[in-house]
Amino acid sequence: MTASRRTIIPRADHPISRSNLSDNAVRVLYRLRDHGYLAFLVGGCLRDLLLGREPKDFDIATSATPAQVKKLFRNCRLVGRRFRLAHLHFRDEILEVATFRSASPAEDDPGEGAEVGGRGPRIVKDDGGMILRDNLFGTPEEDARRRDFTVNALCYNIADFSLIDYVGGLDDLNRGIIRTIGDPVLRFVEDPVRMLRAVRFAALLGFEIEPATWEALVSSSPLCANASPPRLYEELLKLFLSGEGESCYQLLRRSGLFAALLPGVNSWLETETDGFPHVRFGRALEIIDRRVSGGEPLAPPLLLALLFGEYLEERAVSLRKGKVSPQEALDSAVARFVEELAPTVQIPHKVALALRGILTGRRRFAETPGRRPLTFTSRPGFEEVLCYLRLTAELSEEATSLLQWWERYLAGNPPPPLAPRDEAAEEGTPRRRRRNRRRRGPPAGPLPSP
Ligand code: ATP
Ligand code: MG
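Here's what I pulled together on the structure shown here.

Analysis parameters
- Residues numbered from 1 in each chain as written.
- Chains lettered and ligands numbered in written order.
- Predicted model: local features only at pLDDT ≥ 70, side-chain atom pairs only at ≥ 80, totals over all residues.
- Heavy atoms only, no water.
- Buried < 20%, exposed > 50% of the residue type's maximum accessible area, 1.4 Å probe, protein only.
- Helix = DSSP H or I, 4+ residues; strand = E, 2+ residues; numbered from the N terminus.
- Pairing = 2+ DSSP bridges.
- Expected span 1.5 Å × (residues − 1).
- Contact = heavy atoms within 4.5 Å.
- Core = buried A, V, L, I, M, F, W, Y, C linked by side-chain atoms within 4.5 Å.
- Domains from an automatic or database assignment.

A closer look at the pairing of strand β5 (residues 85-89)
Walk down a regular strand and you will see the side chains alternate between the two sheet faces.
Right, on to step 1. Where burial is concerned, most of β5 is hidden: four out of the five residues are buried.
Right, on to step 2. Sheet topology note: the strand β4 (residues 76-79)/β5 ladder contains four bridges and is antiparallel. Note on β5: the bridge partner recorded for R77 is H87.
Right, on to step 3. Strand direction decides the pairing type here: β5 and strand β6 (residues 94-99), joined by four bridges, are antiparallel. Pairing of L88 across the sheet is with L95, part of β6.
Right, on to step 4. Taking the residues that link successive antiparallel strands as the turn, the β5-β6 hairpin has four residues.

Below, the structure is given as structure tokens:
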């Protein structure tokens, strides 16, 4: 185990006051302390408070075991299969209380702080060194050292209101550096999702990734495909919805993470269509960043439509052969996209359906003027499609004029119908006559209804 570099910063020398913390968190910390346990605030909330940012959540680490925590708090639920955690439910927040954990059996040196009663199952890694299970209880120092980055490993001790820094996190925070705790290659092999977290924190905080950490990230980027696809999906959402999605995207592309996670989209971005590079991805991220920074939420299907809409529409055009209708081609483009991504990024079925719904609605926007717009506006999901059209209006002139038509129509002042788009002329295929004007059922695509 690396020699301890523990630094204790007394209350008088740091700016974190109890009034900055959630009242619930302070009460929980006190209660644990009053029952003789160590009780620390840990992780990202301290990083954020020291940077003057509002923490997303307050995490607590303690020497009490999950069962002991449960005994103390009536609002406690134990959760987690990989490691047991206590969730304390309050009216407006859930606090996570975790027992101090150790990183590996080799680091069993008790170090500073109280020994925790009872040891859980030991750490389990796969043949490649990836951590599968690691619920080994440990000391506060071990708990700090198993965290991902130095800036995420600070602790606040309720016993004397001091800050404890075991890994040089304060220095890195002051200098704006993201650095793994310990050997970066090893830490990324153990949990490849940490590479995406490094990118997110660097972009969000405007920090530099320390050279050895960056080098390891670039060389290990293909490994991120080993992480669990649902987790990678969640982490990608966090990156693109961070408000700094554009910076995240640049780092993802430069590091090779983007190619590892989204190989098909990456190859497409590297080619040109009709002599034009695909710049919409980056421009869509600027729009997304503006919206998120303005505090407006963006649902995942809308995010995916903004990012991948152009890619999917192009693929749909290339899938239009013979008797395949534009709708069938779009359905199959979405279904193939979801299937191709599945080994790395698992888009939930419901989100995939909603994504397909938005792109289908977008097609109808172009076709509907002049053809019973009322039936379209009363459909479920119309608002979401309209939002998509609004957000993409600045990406193309066609979208801008369509949006203008629709805005006027919706304002109760329907303009004369636009000439319906001539798809046949656009796509070079003979136009099929619609014999039956009644709406058909959903086309038989590989995406079944839930
Ligand atoms: P935010 O909540 O703002 O996204 P955070 O740093 O609080 O950022 P969480 O996911 O809430 O991130 O995790 C809380 C803490 O748990 C982190 O600060 C870090 O110390 C630790 N942690 C989270 N994920 C990992 C990981 N994959 N490997 C090691 N430590 C981790
Ligand atoms: Mg957090």
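Back to the write-up after that little detour.
Brief notes about helix α1 (residues 23-34)
Right, on to step 1. If you check α1, its first and last C-alpha atoms are 16 Å apart, about what twelve residues at 1.5 Å a residue would give, namely 16 Å.
Right, on to step 2. All of the buried residues along α1 are N24, A25, V26, V28, L29 and L32.
Right, on to step 3. The inward-facing, buried residues of α1 abut β2 (39-42), β3 (59-62), α3 (66-72), β5 and β6.
Right, on to step 4. Just past α1, the residue G36 takes up positive phi, approximately 90°.

Re the nonpolar core
Right, on to step 1. If you look at the biggest cluster of nonpolar residues, it comprises 104 residues, and the most contacted ones within it are L41, F240, V265 and F281.
Right, on to step 2. Considering each element in turn, this core owes the most residues, eleven residues, to helix α14 (residues 300-319).
Right, on to step 3. Counting only domains with at least three residues in this core, you end up with domain 1 (1-102 + 137-175) and domain 2 (299-416).
Right, on to step 4. Sequence-distant contacts of F240, that is, excluding residues within four places in its chain, are made with G245, Y249, L252, F258, F281, L285, I288, D289, L303 and L307.
Right, on to step 5. If you look at the next biggest cluster of nonpolar residues, it comprises 13 residues, including A399, L403, W405 and W406.

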